[in-house]
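Commentary on secondary and tertiary structure
For reference, the chains in residue letters:
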Amino acid sequence: MAAATETHQAIEAVFRIERARLIAGLARMVRDVDKAEELAQDALVIALAEWPKTGVPNNPGAWLMAAAKRRAIDGIRHDRMRTRKHTEIASDLDHERDTSVETLEAAMDDDIGDELLGLIFTACHPIISAEARAALTLRLIGGLTTDEIARAFLSAEPTIAQRIVRAKKAIGKAGLAFEVPRGAERAGRVASVLEVIYLIFNEGYAATAGEDLIRPSLCAEAQRLGRILAALMPDEPEVLGLLALMEIQASRLAARVDAGGAPVPLPSQNRARWDQLLIRRGLAALDRAEVLGDGPYVLQAAIAACHARARRADDTDWRRIAGLYDLLRERMPSPVVELNRAVAHSMAFGPEAGLQLADAIAEDAALRNYAPLPAARGDFLFRAGRLEEAKIQFERAAGYSRNARERTFLLERALACDS
Amino acid sequence: MRVMVFVKATEDSETGVIGAQHAEMFEAMGKYNDELVKAGIMLGGDGLKPSSHGKRVAFDGPSRTVIDGPFAETRELVAGYWLWEVKDMDEAVAWVKRCPNPMLGPSEIEIRPLYEMEDFGEALTPEATAIHDRVRDQLEGR
């Protein structure tokens, strides 16, 4: 039996493991995220009072759920069933008045993960803006505090708090059921969840503003979300595709910046510093995804895998990458994909091929003031020996860049055109 | 952070005999592994055959001596491992505590955090990092 000396720290660690599933189960029951969070917190307070005496119970998740449910019933009775909605819930609860740990344990084992998945889909519902979805997901599933989320996104805490409040209100107003969507709606909703996870990952991976190029904790959080999702939805190719993409991109985190904090482009990265464990996991997820189907994330993961498989930059199969970009632009048309395609073609077929494709998108409004476009053109021109034109492009790119480290890097490339 | 979680061997695990008496434990362990995967923390793991299948290489100056298993000090041997990605040591401990006993009798599980770049802190100057990287390059045969 557990020793009766559990510290608050140990209890909070147990709670952190259970928190998301607890909120998920409670939200489905009371149809209110705010209330569910509050009840989960109440359950923690009760555990902090009880467990130091009794030790952590064998199934802490079921114990916490039982405590929270009892608290919910008490609260509803206390409210004297003011509204009809509450009456319904109270009568529902009366039917399952048996909130014993054993009963709950059995019920929770039945749909392990299903409620959590329901919560993820609700937090990522397209009625909420993508930024708010990301904040709410990090709060409810990742268990981050508002302050932690604000620091991760370089936002003010009140801004994030406001976003979360509004998102919760939108969920309540729309009467969302905290369930996994089925049928025709499903594909779109899956895409909405994946968009949020990748947004969180990218915010960490390619910090768009500020001094640090990478904020790895957001990457780790996104990877964890991706792994949870892949375990709960093992038959969705795009879920596995996104997981593969994130694992492979994250494998390069240590090599992406040098000791001084400056960015290191892919061809110059020290590949010995790539995390082989993450690469293996990424390639395995990609294999499973490709058997199930394809889609934008699967294709992007396949491209990332081409780099991961190359032991040295010169071994990169650029023709295959160029071919994958040709497919990707059909599945996911976007000026950024066109630009990356131009880079791939320049590597596979020479800088002139890259320039030709880059010129075709040079006037695209979406790429106005977008640093990577002149940076890529600068690179093509540099490799074609057209140094004066290259210099202009690098300087233009530096002017557009919002990241201090990246700007320095681009200015150095401009300087190198003088020699 | 990453942690390596070692399941320590017992006299029973060192026999290498797997029978009906282990069925219940295997089932419980299967459920536990499923939970680890669904929590998104499991990066990998496996069980190891008893040390009678293993070998050791002893180093002393230029000499290399191969020692065949089984090895003594049973309780110090490793019988299995997981590699987890967790937020902190508290989370790792909380997960290990809910592991079913991996052995028939009393047993131990050991949690060891992996070194990460930050751990080297001041010790790893840019110059030291450069040397480190160069060595790695050489190891990679470049």
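For the structure, check the block above.
Structure report, in brief. The structure displayed is predicted, hence computed values, not measured ones. (Residues numbered from 1 in each chain as written. Chains lettered and ligands numbered in written order. Predicted model: local features only at pLDDT ≥ 70, side-chain atom pairs only at ≥ 80, totals over all residues. Heavy atoms only, no water.)

For the peptide bond that leads from Gly69 of chain B to Pro70 of chain B, omega is 0 degrees, which places it in the cis range. Tracing the backbone through its elements, the reader meets Pro70 of chain B in the loop between β4 (63-68) and β5 (78-85). The backbone phi angle of Arg31 of chain A is positive, close to 55 degrees, even though this residue is not glycine. Mapped onto the elements, Arg31 of chain A comes out in the loop between α1 (8-30) and α2 (33-54). On the accessibility criterion, Arg31 of chain A (46% relative accessible area) is partly exposed. Although it is not a glycine, Asn369 of chain A sits at a positive phi angle of roughly 60 degrees. Structurally, Asn369 of chain A is set in the loop between α18 (351-360) and α19 (372-383). (Helix = DSSP H or I, 4+ residues; strand = E, 2+ residues; numbered from the N terminus. Buried < 20%, exposed > 50% of the residue type's maximum accessible area, 1.4 Å probe, protein only.)

On to the interface of chain B and chain A. Between chain B and chain A, the contact holds 30 residues from the first and 30 residues from the second. At the boundary of chain B with chain A, total buried surface from both sides reaches about 2,600 Å², with 48% on carbon and sulfur atoms. At the boundary of chain B with chain A, the tally comes to five salt bridges. Among the salt bridges present, the one from Arg224 of chain A reaches Glu91 of chain B, with a minimum N-O distance of 3.1 Å. Within the residue set of the side of chain B that touches chain A, elements represented by two or more residues are α2 (23-38), β2 (42-47), β5, α3 (89-97) and α5 (126-139) of chain B. Classifying every residue of the side of chain B that touches chain A gives 11 nonpolar, three polar and 16 charged. (Contact = heavy atoms within 4.5 Å. Buried area = accessible area lost by both parts, 1.4 Å probe. Salt bridge = Lys/Arg side-chain N within 4 Å of Asp/Glu carboxyl O. Nonpolar A, V, L, I, M, F, W, Y, C, P; charged D, E, K, R; others polar.)

How two helices pack is summed up by the angle between their axes together with the distance between the axes. All names here are of chain A. In contact at an axis separation of 8 Å, α1 and α2 are set at 145 degrees when each is read in the N-to-C sense. Along this stretch, α1 crosses α2, giving a crossing that reads as right-handed. When α1 is examined against α2, the residues His8, Ile11, Glu12, Val14, Phe15, Arg19, Leu22, Ile23, Leu26, Ala27 and Val30 are found in contact with a partner set consisting of Lys35, Ala36, Glu37, Leu39, Ala40, Gln41, Leu44, Ala47, Leu48, Trp51 and Pro52. In terms of residue class, the contact of α1 with α2 is made up of 16 nonpolar, two polar and four charged. (Axes fitted to C-alpha atoms, helices over the stretch in contact; angles between N-to-C directions. Left-handed = near helix turned anticlockwise from the far one by under 90°.)

Attention shifts here to the packing of aromatic side chains. Residues and elements named next belong to chain A. Scanning the model with the defined rule gives six aromatic pairs over all chains in all. Ring plane angle 70 degrees and centroid distance 5.2 Å describe the contact between Trp51 and Trp63, whose orientation is recorded as edge-to-face. Linking Trp51 in helix α2 with Trp63 in helix α3 (residues 60-78), this pair joins segments that are 12 residues apart in sequence. Trp63 matches Trp51 in its accessibility class, with the two residues each being buried. Over the aromatic face of Trp274 sits the side chain of Arg252, whose NZ or CZ is 5.3 Å from the ring centroid. (Phe/Tyr/Trp six-rings, centres within 6.5 Å; stacked < 30°, edge-to-face > 60°. Lys NZ or Arg CZ within 6 Å of the ring centre and 35° of its normal.)

Right, let's talk about the sheet that holds β2 of chain B for a bit. Working definition: the strands of a sheet are paired by backbone hydrogen bonds and lie parallel or antiparallel to each other. Pairing is antiparallel in the open sheet, where four strands are placed in the order β2-β5-β1-β6 (chain B). The two strands at the open ends of the sheet, each matched to only one other strand, are β2 and β6 (109-113) of chain B. Neighbour-to-neighbour, the strand axes of this sheet turn through a mean angle of 15 degrees, independent of strand direction. Here strand β1 (residues 2-8) of chain B pairs with β5 of chain B via seven bridges, running antiparallel. Across the sheet, the residue bridging to Lys8 of chain B is Val78 of chain B, located in β5 of chain B. Taken strand by strand, helix α14 (residues 276-292) of chain A contacts β1, β2 and β5 of chain B, and its axis lies near 95 degrees from that of β2 of chain B. Relative to β5 of chain B, α2 of chain B is tilted by about 25 degrees, and along the sheet it contacts β2 and β5 of chain B. (Pairing = 2+ DSSP bridges.)

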